[in-house]
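What follows is each chain in one-letter form.
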Amino acid sequence: MVRRDELTDQQWELLVPLIPRAATGRPRVSDRQVVNGMVYKIRTGISWRDLPKRYWPWQTVHTRFRSYAVDGVFARALRQIQARADPRRRNIVERCFNRLKGFRGIATGYEKTATSYEAAVSLASVLLWARSV
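Let me begin by describing the structure that accompanies this report.

Parameters and conventions
Residues numbered from 1 in each chain as written. Predicted model: local features only at pLDDT ≥ 70, side-chain atom pairs only at ≥ 80, totals over all residues. Heavy atoms only, no water. Helix = DSSP H or I, 4+ residues; strand = E, 2+ residues; numbered from the N terminus. Rg over C-alpha atoms; globule rule 2.2 N^0.38 Å. Buried < 20%, exposed > 50% of the residue type's maximum accessible area, 1.4 Å probe, protein only. Contact = heavy atoms within 4.5 Å. Areas by Shrake-Rupley, 256 points an atom, 1.4 Å probe, with all protein chains shown as cover. Lys, Arg positive; Asp, Glu negative; His and termini not counted. Charge placed at Lys NZ, Arg CZ, Asp CG, Glu CD. Salt bridge = Lys/Arg side-chain N within 4 Å of Asp/Glu carboxyl O. Expected span 1.5 Å × (residues − 1). Arc of directions from axis to C-beta. Patch = residues over 30% accessible without salt bridge, like charges linked within 9 Å, V, L, I, M, F, W, Y side chains within 5 Å. Core = buried A, V, L, I, M, F, W, Y, C linked by side-chain atoms within 4.5 Å.

1. Examining the overall build of the chain
Inference 1: A tally of helices and strands in the chain yields seven helices and zero strands.
Inference 2: Beginning at the N terminus, the succession of helices and strands in the chain can be written as α-α-α-α-α-α-α.
Inference 3: For 133 residues, the compact-globule estimate of 2.2 N^0.38 gives 14 Å, and the C-alpha radius of gyration of the chain, at 14 Å, lies within 12% of that figure.
Inference 4: Dimensions along the principal axes, computed over C-alpha positions, put the chain at roughly 45 × 35 × 30 Å.
Inference 5: Out of the 133 residues in the chain, the part that is buried amounts to 42%.
Inference 6: Sequence-distant contacts in the chain: of pairs separated by 6 or more residues, those separated by 24 or more amount to 70%.
Inference 7: When the accessible surface of the chain is summed, it comes to about 7,900 Å², and 51% of that surface belongs to carbon and sulfur atoms.
Inference 8: Computing the positive centroid from 25 side-chain charges and the negative centroid from 11, the chain places the two 2 Å apart.

Next up, the structure:
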């Protein structure tokens, strides 16, 4: 059973091709668990240090979030999902804006940099749009 603050299989399938793979070095922790940690953080609005242990050390999740934000991973995912959506269904866009308020980390504007905030909004939008595609 998927928790409310975790990715569904459908959402993960949309994101997985866009997540950069490590070419060398030691094996990375599970990408899905790390992204689930990011989702938990923006959904609840907690600080990175308060992230539950089931999502790996908070430093790992935060470092990857910053890396994905700079690389534009979530913005690209959002553009891909929006390209698949029916442009005549304007109400989906309006509902997306209303539902973004439910993500406490976005509603409070807690992120310190514009890049991080944009990545958080993009990730939350990906989750919401993935339901409608």
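2. Some thoughts on the pattern of salt bridges
Inference 1: In the structure shown here, the tally under the stated rule is four salt bridges.
Inference 2: The closest approach of N and O atoms between Arg32 and Asp9, which form a salt bridge, is 3.0 Å. Highlighted residues: Arg32 in helix 2 (residues 31-44) and Asp9 in helix 1 (residues 9-15), separated in sequence by 23 residues.
Inference 3: Between Asp31 and Arg28 there is a salt bridge; the shortest N-O distance is 2.6 Å.
Inference 4: Several salt bridges share partner residues, and in doing so they unite Arg21, Arg28, Asp31 and Arg64 into one network.

3. Focus on helix 3 (residues 58-71)
Inference 1: Taking 1.5 Å per residue as the helical rise, helix 3 with its 14 residues ought to reach 20 Å, and the 20 Å between its terminal C-alpha atoms agrees with that figure.
Inference 2: When helix 3 is considered as a whole, its buried residues turn out to be Val61, Arg64, Phe65, Tyr68 and Ala69. The buried residues of helix 3 occupy an angular sector of 140° when the element is viewed end-on, so they sit on one face. Relative to its buried face, helix 3 has exposed residues pointing more than 90 degrees away, namely Thr63 and Val70.
Inference 3: For helix 3, the secondary structure elements touched by its buried residues are helix 2, helix 4 (73-84) and helix 7 (114-132).
Inference 4: Phi for Gly72, located one or two positions after helix 3, is positive at around 75°.

4. Describing a positive patch on the surface
Inference 1: There is a patch of like positive charges on the surface, built from Arg4, Arg95, Arg99 and Arg131.
Inference 2: For Arg99, the position within the fold is in helix 5 (residues 90-100).
Inference 3: A relative accessible area of 43% places Arg99 in the partly exposed class.

5. Quick word on the environment of Tyr55
Inference 1: You can see Tyr55 is positioned in the loop between helix 2 and helix 3.
Inference 2: It is 22 Å that separates the C-alpha atoms of Tyr55 and Thr115, two residues lying 60 residues apart in sequence.

6. Topic: the nonpolar core
Inference 1: Residues Leu15, Val35, Met38 and Phe74 are the most contacted members of the largest nonpolar core, which totals 40 residues.
Inference 2: With nine residues, the single largest contributor to this core is helix 7.
Inference 3: In contact with Val35, not counting residues within four places along its chain, are Leu7, Trp12, Leu15, Ile19 and Tyr68.

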